[in-house]
Protein chains: 2
Amino acid sequence: MSGFSSLGSVSSDKFAVNRVVIEDVTPRVDGGRFPAKRVRGDVVTVQADVFGDGHDAVAAMLRYRHRSARTWQKVPMEFVVNDRWRARFEVAELGRYQFTIEGWTDHFATWRNGIIKKHAAGVVTEADLEIGASLIEDGSRRASGQMAEMLAETAVVLRQSKASSADRVERAVAEDAWVAMRSFPDRSGATVHDIVYEIEVDRELAGFSAWYELFPRSWGESGEHGTLVDVADHLDYVADMGFDILYLPPIHPIGRTLRKGPNNTLSPGEDDPGVPWAIGGPEGGHTAIHPDLGTLEDFRKLLGRAGDRGIEIALDIAFQCSPDHPWVKEHPQWFRHRPDGSIQYAENPPKKYEDIYPLDFETSDREGLWQALRDVFAFWAGEGVSVFRVDNPHTKAFPFWEWVIADLKRDRPELIFLAEAFTRPKVMYRLAKAGFTQSYTYFAWRNTAWELREYMLELTQGEPAEYFRPNFWPNTPDILTEYLQSGGRGAFINRLVLAATLSSNYGIYGPAFELMEATPREMGSEEYLNSEKYQIRHWELDRPDSLQPIIAAVNRIRRQHPALQQTSDIHFHPTDNDMLLCYSKRSGDDLVLVIVNLDPHNTQAGWTNLDLTELGIDHSQPYQVHDLLVERRYLWQGAFNFVRLDPHVMPAHVFALRRRVRTEHDFDYFL
Amino acid sequence: MSGFSSLGSVSSDKFAVNRVVIEDVTPRVDGGRFPAKRVRGDVVTVQADVFGDGHDAVAAMLRYRHRSARTWQKVPMEFVVNDRWRARFEVAELGRYQFTIEGWTDHFATWRNGIIKKHAAGVVTEADLEIGASLIEDGSRRASGQMAEMLAETAVVLRQSKASSADRVERAVAEDAWVAMRSFPDRSGATVHDIVYEIEVDRELAGFSAWYELFPRSWGESGEHGTLVDVADHLDYVADMGFDILYLPPIHPIGRTLRKGPNNTLSPGEDDPGVPWAIGGPEGGHTAIHPDLGTLEDFRKLLGRAGDRGIEIALDIAFQCSPDHPWVKEHPQWFRHRPDGSIQYAENPPKKYEDIYPLDFETSDREGLWQALRDVFAFWAGEGVSVFRVDNPHTKAFPFWEWVIADLKRDRPELIFLAEAFTRPKVMYRLAKAGFTQSYTYFAWRNTAWELREYMLELTQGEPAEYFRPNFWPNTPDILTEYLQSGGRGAFINRLVLAATLSSNYGIYGPAFELMEATPREMGSEEYLNSEKYQIRHWELDRPDSLQPIIAAVNRIRRQHPALQQTSDIHFHPTDNDMLLCYSKRSGDDLVLVIVNLDPHNTQAGWTNLDLTELGIDHSQPYQVHDLLVERRYLWQGAFNFVRLDPHVMPAHVFALRRRVRTEHDFDYFL
């Protein structure tokens, strides 16, 4: 029976008195095995089925605390429907919260309901009143201060057999007595649900972020290897587009052994810079900075100047080694060895990746390896880095991630980890459960309206919404989709709008994105031709056709509209043209309606069929849709409205939706 | 972190080596808190998500045992799709089975996959072969007998550097080596899922039963109080209709204090027999037999004679007491007391039920009370009763039911408990989770096609299918539905056919049912006029319009068709007339198609739209539908077939569906 004793809500007392059942507590992930995720300031809605046998009233209470707190906070739960109860609490601090639920038979409420009905039927007896007096008297002993006094007096009134029954009942069911009895309930015999659920509370940035990825070495003066100083000098370019996070591929020394040349060739020239993910050389490993990029001091300055602009620097943590990495000699036991004593390089038979040594998570020195890897994060966190993009986490052991992220966040709850796993769905979900703050997704390959709707429903309507925070990237250095290769400017803009409005977390790899780099290495490949992964590129940032202004507009709209700062509250609306994807997002009063022409080549037109109930719009009243991308306003009415989107002009509407409200002028719109 | 440590599949070793994750194991109920239910001989299909990090192959194994067994049986799991794995095991014995899952990284399978690809690409090296030889050599040490020898020889062949690479690879990947390596896998570093799930295995009767309820006191010679001997004398009547279980309302002494008269009046005459559920008098309580019904010896004879006919006697266990019950004096602490010292009678304010004393499950003598109640079951089980219909279990504490049913079934796994709870859905489900074998349902009030489809989907497609066995009753002594009151003969027949073919467990309250008793006590009431609950009735069993022959036919069809002996494998097919409900059930090759005219007044006709894929029927071939109710056969083809059902003749088709198969005669049908 292992595992059973701690599940569910059975008392350890064999002949239990606790008659109340507590089931189906939400939010929960895998039955409570993993925490749900929220950001600071969120209000968590907890629900549970709570019921007892028979017809007695029940009451329930949410208990919660920050893990660091000694005492539990208590919130009375309210009945919703069908034995479901609800309570809310705010998560004001970073870190781990805990909650559970307590429920009990509420004998006073049962009596109170009964006496009201009996009084209405004129069948109240002295015995009935004495039962109530006794319950209230017990309550006065649990209560304190004025409430205790008031309850004691109420009990006395109930026992005044010369007073009228009506007066005594009136006193017994009075609001103040009711509030006092609920404030000091009789919880003897309460069922305490014996799973404690957890909530991981992250910074707001974990829930709402715009990432920009660039290769520092391409940002030098024309012809020169770029440096961290060059990046710092271009921070305004990134800030002006409105990004929060500037993410740099690995900045460490790059191995020389079996270095790759341009376009992944095996015969590099003397000056070819190699692949940043082939980490480690004589100059150092995961805590060193590539000499051509600069020094640790340069890095600190970059962090500081970025911080001045509200930008955080995200580092790429790729746990693999070039053959020249110091660990290869210092810790050979962390690598698997071949029969000839050489270290086992990466393989995907029959392909060999002899320039990369994977770490062996089955090494007998797991403790040494795990702690060394933890110390890599800790080193950069010590330098002030709080955001990490983790390379291929799905090729490292799950228990390691669960341990290392929890271990690091214990003292640094502000850390954000983005999982770069493009693999099978259950593996991606498990990484998020194990602790990753955000996750790359399949967004890049979801192009049709059906695909996008289905994917968003999966991410937002099911259990994944509790722990998997999607981060949508239309491109990455590894992913130049066929859609972008062939779709031209319209494709880049519509993928930008989709990424930035479907998901509150998104990112682009630039300047390849804004300059619409679209040529693959070869037909059928998603690799860029002349990819920065293998060579230095120079970008003409001020090209007149750059998407920079549109990206800036999209990020500005996101900052102005809370509806776009969350992912789960999304609603898809039908259109009569499946090339037109239509969805609304809401946060409080803020309502944004997006319509995207998914066809990057042709103008598409059609009629919306808006769910007015969902939008909170009266069918008989006009409402204003304000296109924030092109600053144009329309008056619409009803569910059916005509739209026409030319991808060569602007393939999307991003509307702020303003409902009409009755004011003294009778024609104002709710802003 | 209470409750967490035992959830999921994390090793207790902090720096864990176990890289394999095991998630989403099915069947499970409330995360493993309760057992799933099966009947003896069932094959349980266990599924789980099993995956590791990276690209290494994984393997998984199901471990199961009867709880009484010392050792675990092991079954290799097979990969299904999307990281889902599956294995099956048969539950051959009654009682509780346990299972869990183990998964590990399969280094040999990984190597074998790799060497096949490398060989195809012509890049096999000596080192590659040595790695395989080493893995196989390790395998030979784990293996025994001939397999050990064969593996040892295989390792030797792999190391014969003078032999051709092709020969050595061929030997390494040979089927016998593969089978041997899989038979003796390297499970070091295996993840053992640390929830042990359970399966409660009941008798076949738990899954397939037809119940007949009668009031013994109405079965005497005209004018006399019927006895258990009278019931025994009428067993052939019940057996000829094909029922398995004869269920008797409480057979105990009936209280005199505040006894109810006919039609629930409060002024009974001297000879009025009272309500059988007002249990207890000077003659005894829950283990005594009403003197007017006979003696314990009579009861034993009834059991024996019923057994001769394949009928089991089900007793009604109603845990409540008349004021005259011996417990009231012997164990006053088991009842709640009012301030004046009197015992608290049942109430539903402002109504009072002064003839019934409920038991107080909050008594401080819970141990005494629970054991006394357990002993009531144990007494009758000792007399040979194995089936109990439990009255209003939802008004007794859930922990009591979980304890008492488990306690009783530990030594008597053949016991069957039917929960008579007509209350809120979550309460009904919880009782089933707590151990009830079968459950009454809302069937009586589900009349339209939409209601019936939705309800069947809820019961058969979700988690309830794992633990909630519905028992469908068109009527009970408490429930004469408006549909039966107004629908006439057609209504009785269609409700019979629906109950008996939708659910493998069903029952009727007779002879009220077969004699189509349909007059309510008053308009708007579901109570019978002159209900047997309050008075003795005499039934004209041989009335020519009795439904007895139709009931016999339905029960005969159920016994002949395995498709009707299970509930979950049901498929609804559209029709173009919503008064015609159409569904098929399947078990193995047996396929039954039912079409019911839900309109009890009018002939309804329409076209089926059968899901031929579901039925396994070729669109181009005719198939035979054989109406088992009226012994008529039709040749149908395709999805669309015309049906016409006159409720005044026969409101339903129950078809055996016979698909054409190619034989030497080329026109035979598969029977």
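All values reported here derive from a predicted model rather than from experimental measurement. (Residues numbered from 1 in each chain as written. Chains lettered and ligands numbered in written order. Predicted model: local features only at pLDDT ≥ 70, side-chain atom pairs only at ≥ 80, totals over all residues. Heavy atoms only, no water.)

### What to know about the overall build of chain A
What counts is decided by this rule: Working definition: helices are DSSP H or I runs of at least four residues, strands are E runs of at least two. Numbering for both runs from the N terminus. Burial classes follow relative accessibility: with a 1.4 Å probe on protein chains only, a residue under 20% of its type's maximum area counts as buried, one over 50% as exposed, and anything between as partly exposed. Computed with the Shrake-Rupley method and a 1.4 Å probe, the accessible areas treat only the protein chains shown as cover for residues. For the charge count, each Lys or Arg is scored as positive and each Asp or Glu as negative, with His and the chain ends excluded. All charge positions are set by atom: Lys at NZ, Arg at CZ, Asp at CG, Glu at CD.
Scanning chain A from terminus to terminus reveals 17 helices and 30 strands. On the principal axes, the C-alpha backbone points of chain A span a range of 105 × 70 × 45 Å. Here chain A holds 671 residues, and the buried ones make up 59% of them. Of the roughly 26000 Å² that chain A leaves accessible, carbon and sulfur atoms contribute 49%. If you average the places of the 73 positive and of the 98 negative side-chain charges in chain A, the two averages end up 4 Å apart.

### Looking at the confidence of the model for chain A
Inclusion rule: Every residue carries a pLDDT, the predictor's confidence in it, which falls somewhere between 0 and 100.
Of all residues in chain A, 96% have pLDDT values of 70 or greater, and the mean over the chain is 95. Per the prediction output, this complex has pTM 0.94; the corresponding ipTM is 0.93.

### What to know about the side chain of A:Asp355
Along the chain, A:Asp355 falls in the loop between strand E16 (351-353) and strand E17 (357-358). Residue A:Asp355 is classed as buried on the basis of its relative accessible area, which comes to 8%.

### Some words on the packing of helix H2 (residues 126-142) of chain A against helix H3 (residues 145-158) of chain A
Residues and elements named next belong to chain A. Stated formally: Working convention: axes come from line fits to C-alpha atoms, limited for helices to the stretch in contact. Angles between N-to-C directions cover 0 to 180 degrees. Throughout, the term roughly parallel applies to angles under 35 degrees, roughly antiparallel to angles over 145, roughly perpendicular to angles from 65 to 115, and oblique to all others. Note on convention: near helix rotated counterclockwise from far helix by under a right angle means a left-handed crossing. Clockwise means right-handed. In what follows, residue pairs with any heavy atoms lying within 4.5 Å of each other are defined as contacts. The residue classification treats Ala, Val, Leu, Ile, Met, Phe, Trp, Tyr, Cys and Pro as nonpolar and Asp, Glu, Lys and Arg as charged. All others, Gly included, are polar.
For the pair H2 and H3, the least separation of the axes is 8 Å and the interaxial angle reads 165°. Here H2 lies roughly antiparallel to H3, going by the angle between them. As for the relative orientation of H2 and H3, their crossing is left-handed in sense. Where H2 approaches H3, its residues Leu 129, Gly 132, Ala 133, Ile 136, Glu 137, Gly 139 and Ser 140 are matched on the opposing element by Ala 148, Leu 151, Ala 152, Thr 154, Ala 155 and Leu 158. Tallied by class, residues from the contact of H2 with H3 come to eight nonpolar, four polar and one charged.

### Details of the interface of chain A and chain B
Quick reminder of the rule: Defined in terms of a 1.4 Å probe, buried area is the accessible area two parts forfeit on being brought together, summed over both. Take a side-chain nitrogen of Lys or Arg and a carboxyl oxygen of Asp or Glu: if they are within 4 Å of each other, that pair is a salt bridge. Within 3.5 Å is the distance limit for a polar contact, defined as a pair of N or O atoms, with the added protein rule that one can donate a hydrogen and the other accept it, and that residues adjacent in sequence qualify only through two side-chain atoms.
With 77 residues of chain A at the interface, the matching set in chain B holds 77 residues. Between chain A and chain B, a total of about 6600 Å² is buried, with carbon and sulfur atoms accounting for 58% of that surface. Across the contact surface, chain A and chain B share 14 salt bridges. Across the salt bridge formed by B:Arg338 and A:Asp128, the nearest N and O atoms sit 3.7 Å from each other. Inspection of the region where chain A meets chain B yields 22 residue pairs in polar contact (both at pLDDT 80 or more). Here the residues of the side of chain A that touches chain B are counted per class, giving 26 nonpolar, 21 polar and 30 charged.

### What about the sheet that holds strand E30 (residues 652-659) of chain A?
All names here are of chain A. Rule in force here: A pair of strands is treated as paired once DSSP finds two or more bridges between them.
As summarised here, the arrangement of the six strands in space is E23-E24-E25-E30-E27-E28, forming an open sheet in which the pairing is antiparallel. Whereas interior strands pair on both sides, the edge strands pair on one side only; in this sheet they are strand E23 (570-573) and strand E28 (632-637). Along the sheet, successive strands turn relative to each other by an average axial angle of 30°, direction set aside. By the bridge criterion, eight bridges tie strand E24 (residues 580-587) to strand E25 (residues 590-597) in an arrangement that is antiparallel. Bridge pairing links Lys 585 to Val 592 in E25. Along the sheet, helix H15 (residues 482-502) makes contact with E23, E24, E25 and E30, crossing E24 at roughly 30°.

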